[in-house]
Amino acid sequence: MSARPWLLHLLANWLVVGGALATEPSPLPAAHAPLRLCFESATIQPWRTADGKGLNFELLQQVSQRVGQTFTYQALPWKRCLASLQANEVDGAFAASFSPDRLDIGAYPGGKVADPAKRMHTDRYVLIKRKGAAVQWDGKQISHLDGPVGVQLGYSIGAQLRNWGVAVDEGNQGALALARRLMAGRVAAVAMGGSDATMLFAQPEFANQLEELPLPLTEKPYYLMLSHHVLAGQPDQAQRIWRAVEAVRNSAAYRKLERQAMEQMPD
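**Describing the overall build of the protein chain**
Link 1 in the chain: If you tally the helices and strands in the protein chain, you get 10 helices and 11 strands.
Link 2 in the chain: Of all intrachain contacts in the protein chain linking residues separated by at least 6 positions in sequence, the fraction that spans at least 24 positions is 70%.
Link 3 in the chain: Carbon and sulfur atoms provide 54% of the accessible area of the protein chain, an area that totals close to 14,200 Å².

Dropping the structure here:
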């Protein structure tokens, strides 16, 4: 018995449609939503400037290209940046040194102990005093202080100094305002990042009145922190981002950029 004409017609249509579906390319995976990153609204050469330039942004741009992740940026006072991260108002913050107290605020690459291999960069803290002042730092103890040590609000060096039994004056000043506070005699010394100190002493106003003690207080790696919300919702992407930070920082192209930026820093 021959097949009915309507059945043959239906079968032919089904084969055409079925073949078209079989050759239709699979849809591309949905793009990741942009991640909102905050950073301190201050210029810390060569790592970043308040208007979004510097090595940190160069590194994150290359990370973005490697993992297909768009970043948007917001400059905030540092303590507010960390508070925004804790409240999941932003998705990440940079560049943050490791402190156990910050584990409630957000996540570091490596978990409860940050992985230095996945740092964005390394910088040091130095101690600065007025010229002729008796303040000393021998690598173990700060001595001959006649007042507190000034630090910037929210910076991890403040907690470290308190752990050493040093009185701390913590304000929301930038590095220049902190140095002027020292020159005015309101603090006995100041602790600031090495990059900030380099830019400070390039200006005669400060170089003529202040001096940096020879031994650094500490040297720390700095990281891209991500919010707990991002880590819980996109754990694989978070790990890809942190691995890409390591890969980019170790790449020949980025190392060339870093070397050129360092050569342009004042002596």
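**Observations regarding the side chain of Asp196**
Link 1 in the chain: Relative to the helices and strands, Asp196 resides in helix α6 (residues 194-200).
Link 2 in the chain: No salt bridge is formed by the buried Asp196. Its closest oppositely charged neighbour is Arg48, at 7.7 Å.
Link 3 in the chain: Beyond its immediate stretch of four places on either side in the chain, Asp196 contacts Thr43, Ile44, Gln152 and Ala175.

**Observations regarding the packing of helix α2 (residues 55-67) against helix α9 (residues 235-249)**
Link 1 in the chain: Where α2 contacts α9, the two axes come as close as 9 Å, and the packing angle between them is 125°. When the axis of α2 is compared with that of α9, the two are oblique. Crossing of α2 over α9 shows right-handed handedness. Note on element contacts: α9 touches α2 through Gln237, Arg240, Ile241, Ala244, Val245, Ala247, Val248 and Arg249, opposite Leu59, Gln62, Val63, Arg66 and Val67.
Link 2 in the chain: Here the residues of the contact of α2 with α9 sort into eight nonpolar, two polar and three charged.

**Some points on the environment of Gln45**
Link 1 in the chain: With respect to the secondary-structure elements, Gln45 resides in the loop between β1 (35-40) and α2.
Link 2 in the chain: Once residues within four sequence positions are removed from consideration, Gln45 is found in contact with Ser195, Met199 and Met265.

**Let's talk about the nonpolar core**
Nonpolar side chains in soluble globular proteins generally cluster together in the buried interior.
Link 1 in the chain: Core analysis: the biggest nonpolar cluster contains 58 residues, and Val63, Phe94, Leu127, Leu161 and Leu224 have the highest contact counts within it.
Link 2 in the chain: If sequence neighbours within four positions are ignored, Leu127 has contacts with Val135, Trp137, Ile142, Val149, Ala189, Val190, Ala191, Glu211, Glu212, Leu213 and Leu217.
Link 3 in the chain: Ala175, Leu178, Ala197 and Phe206 belong to the second-largest nonpolar core, a separate cluster that totals 13 residues.

**Overview of the side chain of Lys220**
Link 1 in the chain: For Lys220, the location among the structural elements is in strand β11 (residues 218-226).
Link 2 in the chain: An unpaired buried charge is present at Lys220: no salt bridge exists, and Asp101, the closest side chain of opposite charge, is 9.9 Å distant.

**Focus on the confidence of the model for the protein chain**
Link 1 in the chain: On average, residues of the protein chain score 88 in pLDDT, and 88% of them are at 70 or above.
Link 2 in the chain: Per-element confidence in the protein chain ranges from a low mean pLDDT of 35 for helix α1 (residues 5-23) to a high of 98 for α9.
Link 3 in the chain: Note on residues 1-30: pLDDT is under 50 here. Beyond four places in sequence and across chains, it has one contact.

**Here we look at the packing of α2 against helix α10 (residues 252-263)**
Packed helices, taken two at a time, are described by the angle their axes make and the gap between the axes.
Link 1 in the chain: For the pair α2 and α10, the least separation of the axes is 11 Å and the interaxial angle reads 170°. Relative to α10, the element α2 is oriented roughly antiparallel. Each of Leu55, Glu58, Leu59 and Gln62 in α2 lies in contact with α10, whose residues at this interface are Tyr254, Leu257, Glu258 and Ala261.
Link 2 in the chain: Looking at side-chain class alone, the contact of α2 with α10 contains five nonpolar, one polar and two charged residues.

**Some remarks on the pattern of salt bridges**
Link 1 in the chain: Counted according to the given criterion, the structure contains eight salt bridges.
Link 2 in the chain: The salt bridge involving Arg36 is made with Asp91; its shortest N-O contact spans 3.1 Å. With a gap of 55 residues between them, Arg36 in strand β1 and Asp91 in the loop between α3 (78-86) and β3 (92-97) connect regions that are remote in the sequence.
Link 3 in the chain: Using a relative accessible area of 7% as the deciding quantity, one classes Asp91 as buried.
Link 4 in the chain: Between Asp169 and Arg181 there is a salt bridge, with its nearest N and O atoms 3.2 Å apart. Note that Asp169 is positioned in strand β8 (residues 168-171) and Arg181 in helix α5 (residues 175-183), a separation of 12 residues in sequence.
Link 5 in the chain: A single salt-bridge network, built from bridges that share partners, covers Asp115, Lys118 and Glu246.

Reading the values: the criteria
- Residues numbered from 1 in each chain as written.
- Predicted model: local features only at pLDDT ≥ 70, side-chain atom pairs only at ≥ 80, totals over all residues.
- Heavy atoms only, no water.
- Helix = DSSP H or I, 4+ residues; strand = E, 2+ residues; numbered from the N terminus.
- Contact = heavy atoms within 4.5 Å.
- Areas by Shrake-Rupley, 256 points an atom, 1.4 Å probe, with all protein chains shown as cover.
- Buried < 20%, exposed > 50% of the residue type's maximum accessible area, 1.4 Å probe, protein only.
- Lys, Arg positive; Asp, Glu negative; His and termini not counted.
- Salt bridge = Lys/Arg side-chain N within 4 Å of Asp/Glu carboxyl O.
- Axes fitted to C-alpha atoms, helices over the stretch in contact; angles between N-to-C directions.
- Parallel < 35°, antiparallel > 145°, perpendicular 65-115°, else oblique.
- Left-handed = near helix turned anticlockwise from the far one by under 90°.
- Nonpolar A, V, L, I, M, F, W, Y, C, P; charged D, E, K, R; others polar.
- Core = buried A, V, L, I, M, F, W, Y, C linked by side-chain atoms within 4.5 Å.
- pLDDT = per-residue confidence, 0-100.

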